[in-house]
Amino acid sequence: MIKVYAPASIANVKVGFDILGTAISPIDQTTYLGDCITIKKSDTFELYSSGRFVDDLPQVREQNIVFQCWQHFCKKIDDTIPMALTLEKNMPIRSGLGSSACSIVAALVAMNAYCSYPLDNNSLLRLMGEMEGRISGEIHFDNVAPCFLGGMQLILDANEIISQSLPIFDKWLWIIAYPGIAISTVEARKLLPDWYNRKDCINHSRYIAGFIHACHSKQSHLAIKLMKDTIAEPYRKKLIPHLFQIYNAVIKIGALICGISGSGPTLFAICDKSDIAINVAQWFKDYYLYNDTGFIKICRIDIKGAQILKE
Ligand code: HSE
């Protein structure tokens, strides 16, 4: 039997639309913030599902991304391998927390381990990106790469180098606030323009280049100052009512920055002191939860990424 866990992630990290993402795990470590896949021996292909968000999965097996992962994995290795898969769907779909990436990464890591590692990490990551593209309409690695590899990942996708790890600021606490409603990434991507003006392009380059420089030169204050989004936030802000008022409120409490996680509706805030993080989390609980499905977590960057829990 093989069991794999794949963590939630924050794509874009405000400053790096489609090219920056970080894996996260709750500081209390009592709960998983991610999906699990278990594979057992079987003579046929079988797919079972469980977990808190199991009811959100497609009813038709062929539409389940895990089934599609199996099909594409078998195609890639040129062999049809029977197995009994169970997806533990702990992550809400369309939440902005890389829910589909959690299922894809856990499934492909588990299948690769089950079949004695026919694919190297690069081929596996490429396949993960392709599967993510089927769900969100376009291939982007900013959830699957951190979910698979851990840490904060900068997506290069140049000359076979898909992703590189960035140095991280250990003191940062990441508060994530999922309100309990859904936003489709496909729809959120449709809001973005095809063309950007020169000023926005130059500012975007300045901010992302500066942020990466700040990570490497260990200047956390500079990194925070440069976390600005000229690409997605101006066009997606209408999806989240009172977005800038929310930013102002948590920054007033002491958060260093606040932004949209992936395509939303989850928001993230960064704090460097735990008492402030607790107060920010409480503010989100009081003012940003729409229903009982929502949740708030104080997290750190998950440096491990996908983990084989049992083999
Ligand atoms: N970079 C992607 C987007 C992430 O913002 O559309 C989606 O989770």
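## So, the domain arrangement of the protein
The domains assigned to the protein are domain 1 (2-165 + 303-310) and domain 2 (173-300). For domain 1 and domain 2, the distance between their C-alpha centroids amounts to 23 Å. Of all residues in domain 1, Lys14, Val15 and Phe17 bury the most surface against domain 2, accounting for 27% of the area lost on that side. Remark: the boundary between domain 1 and domain 2 carries three salt bridges. Ionic pairing is found between Glu233 and Lys14, a salt bridge with its closest N-O pair at 3.1 Å. Mapped by element, the contributors of at least two residues to the side of domain 1 that touches domain 2 are β2 (9-11), β3 (20-26), α3 (121-136) and β7 (152-158). The biggest single contributor to the side of domain 1 that touches domain 2 is β3, with six residues.

## Looking at helix α6 (residues 198-216)
Taking 1.5 Å as the rise per residue, α6 with 19 residues should run 27 Å; its terminal C-alpha atoms sit 27 Å apart, in good agreement. Asp200, Asn203, His204, Tyr207, Ile208, Gly210, Phe211, Ile212, Ala214 and Cys215 are the residues of α6 that are buried. Close packing links the buried residues of α6 with β3, β7, β8 (161-166), α7 (220-225) and α8 (233-236). With a side-chain oxygen lying 3.1 Å from the backbone nitrogen of Lys199, the N-terminal cap of α6 falls on Asn197. Immediately downstream of α6, the backbone of Lys218 shows phi near 60°, a positive value.

## Concerning the pairing of strand β1 (residues 2-7)
Two faces make up the sheet, and in a regular strand the side chains alternate between them. For β1, a buried count of six out of six residues is recorded, marking the element as mostly surrounded by other parts of the structure. Burial of β1 is two-sided: the residues Ile2, Val4 and Ala6 facing one way and the residues Lys3, Tyr5 and Pro7 facing the other way are all buried. Sheet topology note: the β1/strand β4 (residues 34-40) ladder contains six bridges and is antiparallel. Note on β4: the bridge partner recorded for Pro7 is Gly34.

## Some remarks on the site of the ligand
Residues in close proximity to the ligand include Ala11, Asn12, Phe17, Asp18, His140, Asp142, Asn143, Thr185, Arg189, Arg236, Gly262 and Ser263, which together make up its full environment. Contacts to the ligand include Asp18, whose side-chain N or O atom sits 2.5 Å from a nitrogen atom. Among the residues forming the shell around the ligand, the class breakdown is two nonpolar, six polar and four charged. A domain-level breakdown of the shell around the ligand finds at least three residues from each of domain 1 (2-165 + 303-310) and domain 2 (173-300).

## A few points about the packing of helix α9 (residues 243-253) against helix α10 (residues 274-287)
The contact between α9 and α10 brings their axes to 9 Å, and the two run at 150°. What the angle tells us is that α9 and α10 run roughly antiparallel. Here the hand of the crossing between α9 and α10 comes out right-handed. Here Ile246, Ala249, Val250 and Ile253 of α9 come into contact with α10, specifically with Ile276, Asn279, Val280, Trp283 and Phe284. When the residues that make up the contact of α9 with α10 are grouped by side-chain class, the tally is eight nonpolar, one polar and no charged.

## Topic: the side chain of Lys14
Along the chain, the position of Lys14 falls in the loop between β2 and β3. Among the residues examined, Lys14 registers a relative accessible area of 8% and is labelled buried. In this structure the side chain of Lys14 is engaged in a polar contact, spanning 2.6 Å, whose partner is the backbone oxygen of Cys258. The contact partners of Lys14, leaving out residues within four places of it in the chain, are Met227, Lys228, Asp229, Glu233, Tyr247, Ile257, Cys258, Gly259 and Phe268.

## With respect to unusual backbone geometry
The peptide bond linking Gly264 to Pro265 adopts the cis configuration, its omega dihedral lying at 5°. With respect to the helices, strands and loops of the structure, Pro265 is situated in the loop between β10 (257-260) and β11 (267-271). Even without being a glycine, Asn12 presents a positive backbone phi close to 75°.

## Considering the packing of aromatic side chains
Taken as a whole and assessed by the stated rule, the structure comprises 13 aromatic pairs. Seen from their ring centres, Tyr196 and Tyr235 are 6.0 Å apart, and the 75° between their planes marks the pair as edge-to-face. Separated by 39 residues along the polypeptide, Tyr196 in the loop between α5 (185-190) and α6 and Tyr235 in helix α8 bring together distant segments of the chain. Using a relative accessible area of 26% as the deciding quantity, one classes Tyr235 as partly exposed.

Definitions and limits used
- Residues numbered from 1 in each chain as written.
- Predicted model: local features only at pLDDT ≥ 70, side-chain atom pairs only at ≥ 80, totals over all residues.
- Heavy atoms only, no water.
- Domains from an automatic or database assignment.
- Buried area = accessible area lost by both parts, 1.4 Å probe.
- Salt bridge = Lys/Arg side-chain N within 4 Å of Asp/Glu carboxyl O.
- Helix = DSSP H or I, 4+ residues; strand = E, 2+ residues; numbered from the N terminus.
- Expected span 1.5 Å × (residues − 1).
- Buried < 20%, exposed > 50% of the residue type's maximum accessible area, 1.4 Å probe, protein only.
- Contact = heavy atoms within 4.5 Å.
- Polar contact = N/O pair within 3.5 Å; in protein donor to acceptor, adjacent residues only side chain to side chain.
- Pairing = 2+ DSSP bridges.
- Near = heavy atom within 4 Å.
- Nonpolar A, V, L, I, M, F, W, Y, C, P; charged D, E, K, R; others polar.
- Axes fitted to C-alpha atoms, helices over the stretch in contact; angles between N-to-C directions.
- Parallel < 35°, antiparallel > 145°, perpendicular 65-115°, else oblique.
- Left-handed = near helix turned anticlockwise from the far one by under 90°.
- Phe/Tyr/Trp six-rings, centres within 6.5 Å; stacked < 30°, edge-to-face > 60°.

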